[in-house]
Number of protein chains: 2
Amino acid sequence: MKAEYINPFVTATINVFTTMVDCPVQRGEIYLKDGNLCQEEVTGVIGLSGKAQGVVAVHMSSGLAIYAAGAMLGETPSGIDEDVIDVIGEITNMISGAAKAELVELELSVSLPTVIRGPDHTLDVPSSISMLGIPFTSEHGNLFVEVGMDMSK
Amino acid sequence: MKAEYINPFVTATINVFTTMVDCPVQRGEIYLKDGNLCQEEVTGVIGLSGKAQGVVAVHMSSGLAIYAAGAMLGETPSGIDEDVIDVIGEITNMISGAAKAELVELELSVSLPTVIRGPDHTLDVPSSISMLGIPFTSEHGNLFVEVGMDMSK
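Structure report, in brief. (Residues numbered from 1 in each chain as written. Chains lettered and ligands numbered in written order. Predicted model: local features only at pLDDT ≥ 70, side-chain atom pairs only at ≥ 80, totals over all residues. Heavy atoms only, no water.)

## Comments concerning the overall build of chain A
And step 1. Within chain A, the secondary structure is distributed over 3 helices and 9 strands.
And step 2. Shown N-terminal to C-terminal, the secondary structure of chain A runs as helices and strands in the order α-β-β-β-β-α-α-β-β-β-β-β.
And step 3. For chain A, the C-alpha radius of gyration of 14 Å lies close to 15 Å, the compact-globule estimate for 153 residues.
And step 4. Residues classed as buried in chain A amount to 57% of the 153 residues present. (Helix = DSSP H or I, 4+ residues; strand = E, 2+ residues; numbered from the N terminus. Rg over C-alpha atoms; globule rule 2.2 N^0.38 Å. Buried < 20%, exposed > 50% of the residue type's maximum accessible area, 1.4 Å probe, protein only.)

This is how it looks when you write it as structure tokens:
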């Protein structure tokens, strides 16, 4: 996976959190995912297919997930309920959809999002694939967006 | 999602476990997924896109995952390592690929698989989507294959 393919996901994340969640995020340095433990409790996952097969994982703290749901639904939930799950899925979908629109040459389409929770859950892609990630910080919690793509097929 | 769309996943699961894993599985009754706690420790997830947006989740016990890796690699791993993760991803990919080939009218393509682990991890799709599942039993452990598809786009 070319490192330049991560940039549309960075831009999309900043735009979605600024405009839809009203929670500006500050990006850190791109990293190569090493180890599989997810640093945050909640992960939105979406599959990509087209001229590449890929996956996008959006990890966020419970606090940020609940804040985002409150901002998008107009009422702050007391915990991670069905509404919060839907918002995390929708944020994952919006980030992937916006990035896909920039990566025209890959002719990507997105799958249904899933949302994974668990105190120490891990997420792996096949060992032949490198996942790149970008950490983000915000006033309401941390966010990690990780992308893996297989260009070989 | 039409219930008949689940049948190719049932057939594919039986075929993959019989021919690739040398571990025949017995299917139970189809269920509508209610609640989100995954009954087994390890989950392979793959996204579908095309005339439907979907997701396939293959939950299996650690014991079955390790047995399957031993059968496919020729050497039984002592625990869930990178090789086992790759085998779970590949099993998820083979089941989805075989089912996709039967569901020609949906023109599906599959994403990169991911593998989730965690003692009490949960997996949700958006609340507007019903996930159907099929339980399987085998000599080496249990297996649940769950499929959700959004036909509305």
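## Points about the interface of chain B and chain A
And step 1. Counting residues at the interface gives 33 residues for chain B and 32 residues for chain A.
And step 2. The contact between chain B and chain A buries some 2,600 Å² in all, and 56% of this surface belongs to carbon and sulfur atoms.
And step 3. Sorting the residues of chain B by area buried against chain A places B:Leu112, B:Arg117 and B:Asp124 first, and these three jointly supply 23% of that buried surface.
And step 4. At the junction of chain B and chain A, the tally comes to 13 residue pairs in polar contact (both at pLDDT 80 or more).
And step 5. The set of elements that each furnish at least two residues to the side of chain B that touches chain A consists of strand S3 (42–49), strand S4 (53–60), helix H3 (82–102), strand S5 (109–110), strand S6 (114–117), strand S7 (122–124) and strand S9 (143–150) of chain B.
And step 6. In the side of chain B that touches chain A, the residues fall into 14 nonpolar, 13 polar and 6 charged.
And step 7. Relative to S7(B), strand S6 (residues 114–117) of chain A is paired through 3 bridges, and the arrangement is antiparallel. (Contact = heavy atoms within 4.5 Å. Buried area = accessible area lost by both parts, 1.4 Å probe. Polar contact = N/O pair within 3.5 Å; in protein donor to acceptor, adjacent residues only side chain to side chain. Nonpolar A, V, L, I, M, F, W, Y, C, P; charged D, E, K, R; others polar. Pairing = 2+ DSSP bridges.)

## Some words on the packing of helix H1 (residues 7–20) of chain B against H3(B)
All names here are of chain B.
And step 1. Orientation of H1 relative to H3, taken along the N-to-C sense of each, is 135°, at an axis distance of 8 Å. As judged from the angle between their axes, H1 and H3 are oblique. Helix-helix and strand crossings are classified by hand; for H1 and H3 the assignment is right-handed. Two secondary-structure elements touch here, H1 through Pro-8, Phe-9, Ala-12, Thr-13, Val-16, Phe-17 and Met-20 and H3 through Ile-91, Met-94, Ile-95, Ser-96, Ala-98, Ala-99 and Glu-102.
And step 2. Across the contact of H1 with H3, the residue classes tally to 11 nonpolar, 2 polar and 1 charged. (Axes fitted to C-alpha atoms, helices over the stretch in contact; angles between N-to-C directions. Parallel < 35°, antiparallel > 145°, perpendicular 65-115°, else oblique. Left-handed = near helix turned anticlockwise from the far one by under 90°.)

## Details of the relation of the copies chain B and chain A
Superposition of the two copies of the chain requires a rotation about an axis and a shift along the axis.
And step 1. Under the fitted operation, chain B is carried onto chain A by 0.0 Å of movement along the axis and a turn of 180°, and the coordinates agree to an RMSD of 0.0 Å. Read as a symmetry element, the transformation amounts to a two-fold axis. For chain B, the smallest separation between a C-alpha atom and the rotation axis is recorded for B:Gly47, amounting to 2.3 Å.
And step 2. When the interface residues of chain B are mapped onto chain A, 97% of them again lie at the interface, so the same face is used by both copies. (Least-squares fit on C-alpha atoms with pLDDT ≥ 70 in both.)

## Overview of the pairing of S6(B)
All names here are of chain B.
And step 1. In S6, alternate side chains face the same way, and those of Thr-114 and Ile-116 on one face and Val-115 and Arg-117 on the other are all buried.
And step 2. Here 4 bridges tie S3 to S6, and the two strands are oriented antiparallel to one another. Each bridged residue has a counterpart across the sheet, and for Gly-44 the counterpart in S6 is Val-115.

## A word on a negative patch on the surface
And step 1. On the surface, A:Glu75, A:Asp81, A:Glu82 and A:Asp83 cluster together to form a negatively charged patch.
And step 2. Relative to the assigned elements, A:Asp81 resides in the loop between helix H2 (62–73) and helix H3 (82–102). (Patch = residues over 30% accessible without salt bridge, like charges linked within 9 Å, V, L, I, M, F, W, Y side chains within 5 Å. Areas by Shrake-Rupley, 256 points an atom, 1.4 Å probe, with all protein chains shown as cover. Salt bridge = Lys/Arg side-chain N within 4 Å of Asp/Glu carboxyl O. Lys, Arg positive; Asp, Glu negative; His and termini not counted. Charge placed at Lys NZ, Arg CZ, Asp CG, Glu CD.)

## Observations regarding unusual backbone geometry
And step 1. With a phi close to 55°, A:Asp22 is a non-glycine residue in the positive phi region.
And step 2. When you line up the elements, A:Asp22 lands in the loop between helix H1 (7–20) and strand S1 (26–27).

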